[in-house]
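Summary of structural features
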Amino acid sequence: NFKKQVLAFDFGASSGRAMLGVYDGTKISIEEIHRFSNDPVIVGGTMYWDVLRQFFEIKQSLIKSKPFGKIDSIGIDTWGVDFALLDEYGQLLENPIHYRDGRTSGMLEKSFEKISKEEFYDITGNQFMEINTAFQLLSLKEKRSHLLERADVMLLMPDLFNYLLTGKKVTENSIASTTQLFDAKNRTWSDKVINSLGIPKKLFTEIVPSGTIIGKISEDISEELKIDMSDVIAVAGHDTQSALVSVPAMEDDFVFLSCGTWSLLGTEIDEPIINEKSSYYNITNEGGYGNKASFLKNIIGLWLIQESKRQWEREGKTYSFSELEELAKSSKPFKCFIDPDDPVFVPAGNIPKRIREYCIKTNQEVPKTEGEIVRCINESLAFKYRYSLEEIKDCTKKDYKAMYMVGGGIQSKLLCQMTANACNMEVSAGPVEATVLGNIAIQLMATNEIKDLKEARKIIRNSQDISHYYPTNVKVWNEKYEIFKEIIKSKEIVT
Ligand code: LFR
């Protein structure tokens, strides 16, 4: 009658959640304990995390989990790159700022005045993106340096929540590796990058591997909430790396596509790949569970549909995701394409309008209806997956027989089928709750309930439904792919 119960917290763009994971020795089952809004708050033009509310919700979750009995451990993951600054008393200096805030605009170019782009990539192996921690910190250095001077410690978001629960200040490896301040080959903070950007070295705490038991819930909190002092485990704090743990692959070389607000497409490797080609393609290397690295592309993902849906709501038109999918399905195929990763699509706002403007600029038919917009997003994403996969394959020189799609985005059967068609590849889709399952599995590995990553993947495979999609209509998709490539190249010239 063996049973282990753990709690996984996952902070995503649509919501934060506490999920109970129950392991019976062969399968993991999950149940939602608490779901709460994780909406950023704009104050005086700055977009913040509502961090204390989030901590309140963590406490609420702990209270709500009481009727389920003993919780053996807790693990927390969030999206990457955001952080908090603390003073020497361990208090927050200000609310953490959200990566979609505009403060990093121009910081990439600024950084290249301080360290050459080549050396920067050579050390960090990270895809250059303005949202990265390095550029957020540089914007502080440039515009509000007094804050950095006052700060004692920087903690990335999952590490911040771990600290608020336990009082222990450490940095977990996966979340460190996506900051662009991390030396990918030596797996430590990069003094060279940190010093070149002029960021105080003392802000950085010790890096611990994913799956480190960092301590127990503090006495204060356990007394306040009348709960046991469960262990807090630094899981892969970076949600993408927790999700990767649950890719149900049996083979060593596989392609994964983690589909949520972002689409992360890549492959798992043992050592980072950093060379001229990977730099040219701007492919990122990130650290994962069990010393694995992943070689992947950040693609803007379902943000385009989520934010379009919000825009239509602002205009008084409310649709569910499945309604939007139906509308897209019945719209004319291949009417127009966008480069989903064009910078114009990153900020929040009127995405449908920006898509129409993009189509005008690139001399394409302009999508009018909601269905046409969603169709254009889905087809363009599917083609962007192929485009990125070709770049990855050009670096690894490997061929992959199937693509493993995981995460909430796979609830769109349309997107899964289009991905199979565009990439001309079998798509295995599942689990939907990849991040949470990975978070749970890492906790179970940390306490030796599950032996290793291979076994964790097997258990998850047995616990979850996996669907399969096979390419159809390949000839047409191949032809249209050529047009997609022309469009995204011509846009580079127009702007
Ligand atoms: C996915 C994710 C990506 C990261 C982006 C911003 O949720 O963590 O991996 O690049 O969000 O942090």
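Residues numbered from 1 in each chain as written. Predicted model: local features only at pLDDT ≥ 70, side-chain atom pairs only at ≥ 80, totals over all residues.

The protein chain is annotated in an unreviewed UniProt entry as Carbohydrate kinase, FFGY family of Romboutsia ilealis. In the Sequence similarities (unreviewed entry) part of its UniProt record, the protein chain is described as follows: "Belongs to the FGGY kinase family." (UniProt positions renumbered as here; feature names shortened; annotations may be inferred.)

**Looking at the overall build of the protein chain**
Looking only at helices and strands, the protein chain has 19 helices and 21 strands in total. Here the C-alpha radius of gyration of the protein chain, 22 Å, is about what a compact globule of 495 residues would show, namely 23 Å. Structurally, the protein chain occupies a C-alpha span of about 65 × 55 × 50 Å along its principal axes. Here the protein chain holds 495 residues, and the buried ones make up 51% of them. Taking the intrachain contacts of the protein chain between residues at least 6 apart in sequence as the baseline, contacts between residues at least 24 apart amount to 74%. (Helix = DSSP H or I, 4+ residues; strand = E, 2+ residues; numbered from the N terminus. Rg over C-alpha atoms; globule rule 2.2 N^0.38 Å. Buried ≥ 20, exposed ≤ 12 C-beta atoms within 10 Å, placed from the backbone. Contact = placed C-beta atoms within 7 Å.)

**Overview of the UniProt feature "domain: Carbohydrate kinase FGGY N-terminal" (unreviewed entry) in the protein chain**
The positions that UniProt labels "domain: Carbohydrate kinase FGGY N-terminal" (unreviewed entry) are, in the present scheme, residues 6-245. Taken end to end, residues 6-245 is 33% helix and 25% strand, and its two terminal C-alpha atoms sit 16 Å from one another.

**Things to note about the sheet that holds strand E15 (residues 255-259)**
With respect to topology, seven strands assemble into an open sheet ordered E17-E18-E16-E15-E19-E20-E21, the strand pairing being mixed. The open sheet terminates on both sides in strands that have one partner only, identified here as strand E17 (284-287) and strand E21 (467-469). Pairwise comparison of adjacent strand axes, ignoring direction, gives a mean angle of 30 degrees for this sheet. Pairing of strand E20 (residues 426-429) with E21 involves three bridges; the strand directions are antiparallel. Directly across from Ala429, in E21, lies its bridge partner Ser467. Lying on the sheet, helix H16 (residues 413-423) is in contact with strand E19 (402-406), E20 and E21; it crosses E20 at an angle near 150 degrees. (Pairing = 2+ DSSP bridges. Axes fitted to C-alpha atoms, helices over the stretch in contact; angles between N-to-C directions.)

**A few points about unusual backbone geometry**
Residues apart from glycine generally show negative phi values, whereas peptide bonds are mostly found in trans. Looking along the chain, the bond that leaves Gly430 and enters Pro431 is cis, with omega of 0 degrees. With respect to the helices, strands and loops of the structure, Pro431 is situated in the loop between E20 and helix H17 (434-446).

**Observations concerning H17**
With 13 residues, H17 should cover 18 Å at 1.5 Å per step; its first-to-last C-alpha distance of 18 Å lies within 8% of that length. Of all 13 residues in H17, 13 are buried; the element is thus mostly enclosed. In the stretch just after H17, Asn448 is the one whose phi turns positive, near 60 degrees. (Expected span 1.5 Å × (residues − 1).)

**Digging into the environment of Gln127**
Summarising the element assignment, Gln127 is placed in the loop between helix H3 (117-124) and helix H4 (133-143). Judged by C-beta crowding, with 20 C-beta atoms within 10 Å, Gln127 ranks as buried. The sequence separation of Gln127 and Asn285 amounts to 158 residues, and the corresponding C-alpha distance is 7.7 Å. Not counting chain neighbours up to four residues away, the residues in contact with Gln127 comprise Asn282, Ile283, Thr284, Lys297 and Asn298.

**Thoughts on the packing of helix H15 (residues 370-396) against H16**
The N-to-C vectors of H15 and H16 enclose an angle of 45 degrees; their axes lie 8 Å apart at closest approach. Considered as vectors, H15 and H16 are oriented oblique to each other. Taken as a pair, H15 and H16 cross one another with a handedness that is right-handed. For the pair H15 and H16, contact is made by Asn378, Glu379, Leu381, Ala382, Phe383, Tyr385, Arg386 and Leu389 and by Leu414, Leu415, Met418, Thr419, Asn421, Ala422 and Cys423, respectively. Class assignment for the residues of the contact of H15 with H16 results in ten nonpolar, three polar and two charged. (Parallel < 35°, antiparallel > 145°, perpendicular 65-115°, else oblique. Left-handed = near helix turned anticlockwise from the far one by under 90°. Nonpolar A, V, L, I, M, F, W, Y, C, P; charged D, E, K, R; others polar.)

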